[in-house]
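Below, each chain spelled out in residue letters.
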2 protein chains.
Amino acid sequence: MTQNIYDNAGFFAGYSQLRRSVDGLDGAPEWPTLRSLLPDFDGKRVVDLGCGFGWFCRFAREAGAQDVLGLDVSANMLARARETTSDNVILYRQADLESLDLPTGAFDLAYSSLTLHYLKNLGALFATVHHALVPGGHFVFSAEHPLYTEPGPDYLDEGPRTSDWLAEGVVKQHRTLATYLNLLIGAGFAIDRVEEWGASREQIAAHPEWKIDHRRPTFLLVSATREG
Amino acid sequence: MTQNIYDNAGFFAGYSQLRRSVDGLDGAPEWPTLRSLLPDFDGKRVVDLGCGFGWFCRFAREAGAQDVLGLDVSANMLARARETTSDNVILYRQADLESLDLPTGAFDLAYSSLTLHYLKNLGALFATVHHALVPGGHFVFSAEHPLYTEPGPDYLDEGPRTSDWLAEGVVKQHRTLATYLNLLIGAGFAIDRVEEWGASREQIAAHPEWKIDHRRPTFLLVSATREG
């Protein structure tokens, strides 16, 4: 099982105070770009892989989704998600994405925000998502950009990286951008759009608390379609 | 017109002494990976965008291609290519890839090695390549990797970068990996494979003359297919 850092008390307390935790999607600077990659939600069946506090699940529901399943490994986050959701079309379930099982052709859209870089076996998850989508279904995700996980000279050396963000010893899996894309293609997805998102110069100037002094990308955003 | 650095006498003299100029494809460390992205050549009509000394054109011909067109902006390089080619199935033609015109559906494979990073208007070239290929035709290219053109903190700021490699003031166009892929997708290509090629630790140890002390990628290799 992947490290479940969100159930570490110190990490959870720190994470809960981030703007994206307090203000939801509008508190996430990459959200407008990620939103632009998403299809129409009307009548769609949606699964959120790493749903956290449920902000996206509630957004999808308000945008017209017919069924929404939010999955997360963290009991802490699911408890908060359930507390703040009053809509029984949204179902939250605890699941380890490293060993996920989903029914065949059960979803029109799979979504994941800033979760995939924690997973060791991404190829297996992509295969699971592929068979869980209908043909023509969409898979839209964000992940920490490889240049953020590994900004140094070792970009091509894939594997775990340990950082001290909100807690000590947070483990992320570094893989190259090419690996993300080739795993998707290998699982049967067509790549529709790739975004290397970084704060604009205006955002950097307006948010000194981000402590960002570069124009390297922070997040990788991808939209893909299940073929055939 | 793009800077034609290959017709600069000093640059051309230096370039002519590189191992990839003397030994051809086998002198290029990325060639085995690029080769693995290429389709079968038998009976194929091939265009090489930036053919240089014609090494790939001759390879394609020997591998069974039926027609081979080599295009380059450099008169110096085309003269050398013609001198070393004794096969009238291969045609060499001077062309500026910034304003290229090609006949519709005339090729099964378009190839380009380490040329695209010199071009300002890549979207126009991709559109030209798309209409010049038959549906299902392949486009395989290498380019300088964006992290090699721009290894510093300004990765997301696209535009010209000037370096002093073999001659002073060599201008390359920096664009992100996402931009390469989105331009291809926008032109109607499906992405088949993306490789971020960098020398292995073994190659770095065996070639101190490369003066490489990092595992960041040097070249971007992409294979794509013309859809529908």
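Worth saying up front: this structure is predicted, and the values here are computed from it rather than measured. (Residues numbered from 1 in each chain as written. Chains lettered and ligands numbered in written order. Predicted model: local features only at pLDDT ≥ 70, side-chain atom pairs only at ≥ 80, totals over all residues.)

Points about the sheet that holds strand β9 (residues 219–226) of chain B
Residues and elements named next belong to chain B. If you walk across this open sheet you meet the seven strands as β3-β2-β1-β4-β5-β9-β8, and the pairing is mixed. At either margin of the open sheet sits one strand with a lone partner, and together these are β3 (90–94) and β8 (189–197). On average, each strand axis in the sheet is tilted by 15° relative to the strand beside it, whichever way the strands run. In the packing of helix α4 (residues 55–62) onto the sheet, contacts are made with β1 (45–49), β2 (67–72), β3 and β4 (107–113), and the angle to β2 comes to roughly 175°. Against the sheet, helix α8 (residues 177–186) engages β8 and β9, with an angle of about 160° to β8. (Pairing = 2+ DSSP bridges. Helix = DSSP H or I, 4+ residues; strand = E, 2+ residues; numbered from the N terminus. Axes fitted to C-alpha atoms, helices over the stretch in contact; angles between N-to-C directions. Contact = placed C-beta atoms within 7 Å.)

Details of helix α6 (residues 122–132) of chain B
Residues and elements named next belong to chain B. Taken residue by residue, α6 has L122, L125, F126, V129, H130 and A132 as its buried positions. In a view along the axis of α6, the buried residues occupy a sector of 170°, so they form one face of it. For α6, the elements touching its buried residues are β1, β4, β5 (133–144), α8, β8 and β9. (Buried ≥ 20, exposed ≤ 12 C-beta atoms within 10 Å, placed from the backbone. Arc of directions from axis to C-beta.)

What to know about the relation of the copies chain B and chain A
The transform that puts chain B on chain A rotates by 180° and translates by 0.0 Å along the axis, for an RMSD of 0.0 Å. Here the two chains are linked by the operation of a two-fold rotation axis. In this assembly, 100% of the residues forming the interface of chain B have copies in chain A that are likewise at the interface, indicating an isologous arrangement. (Least-squares fit on C-alpha atoms with pLDDT ≥ 70 in both.)

What to know about the interface of chain B and chain A
Taken residue by residue, the interface counts 24 residues in chain B and 24 residues in chain A. It is β8 of chain B that provides the largest number of residues to the side of chain B that touches chain A, a total of seven residues. Residues that form the side of chain B that touches chain A fall into these classes: 12 nonpolar, four polar and eight charged. (Nonpolar A, V, L, I, M, F, W, Y, C, P; charged D, E, K, R; others polar.)

So, the pairing of strand β7 (residues 170–174) of chain A
All names here are of chain A. Relative to β7, strand β6 (residues 159–163) runs antiparallel, the two being bridged by five bridges. Looking at β7, one finds that R161 is bridged to K172. Counted between consecutive antiparallel strands, the loop separating β6 from β7 contains six residues, among which L166 sits at a positive phi close to 70°.

Quick notes on unusual backbone geometry
Despite not being glycine, L166 of chain A shows a phi value in the positive range, around 70°. Within the element layout of this structure, L166 of chain A appears in the loop between β6 and β7. A positive phi angle, near 50°, is found at L114 of chain B, a position not held by glycine. Position of L114 of chain B among the secondary structure elements: in the loop between β4 and α6.

Quick look at the environment of L220 of chain B
All names here are of chain B. Within the element layout of this structure, L220 appears in strand β9. Given 27 C-beta atoms within 10 Å, L220 falls into the buried group. With residues up to four places along the chain from it excluded, the contact list for L220 reads S142, A143, H145, L177, Y180 and E196.

So, the sheet that holds strand β1 (residues 45–49) of chain A
Residues and elements named next belong to chain A. Pairing in this open sheet of seven strands is mixed, and the strands run β3-β2-β1-β4-β5-β9-β8 from one edge to the other. Each end of this open sheet is capped by a strand with a single partner; those strands are β3 (90–94) and β8 (189–197). Pairwise comparison of adjacent strand axes, ignoring direction, gives a mean angle of 15° for this sheet. Relative to β3, strand β2 (residues 67–72) runs parallel, the two sharing five bridges. Bridge pairing in β3 links D72 to Q94. Contacts between helix α4 (residues 55–62) and the sheet are confined to β1, β2, β3 and β4 (107–113), with β2 contributing the most and set at about 175° to the helix.

Brief notes about the environment of K211 of chain A
All names here are of chain A. Position of K211 relative to the elements: it lies in the loop between α9 (201–206) and β9 (219–226). The exposed category is assigned to K211, around which 7 C-beta atoms lie within 10 Å. Between the C-alpha atoms of K211 and S113, which are 98 residues apart in sequence, the distance is 22 Å.

Looking at the confidence of the model for chain A
Summing up the model confidence of chain A, the mean pLDDT is 95 and the portion of residues at 70 or higher is 100%. Reported confidence for the predicted complex is 0.96 by ipTM and 0.97 by pTM. (pLDDT = per-residue confidence, 0-100.)

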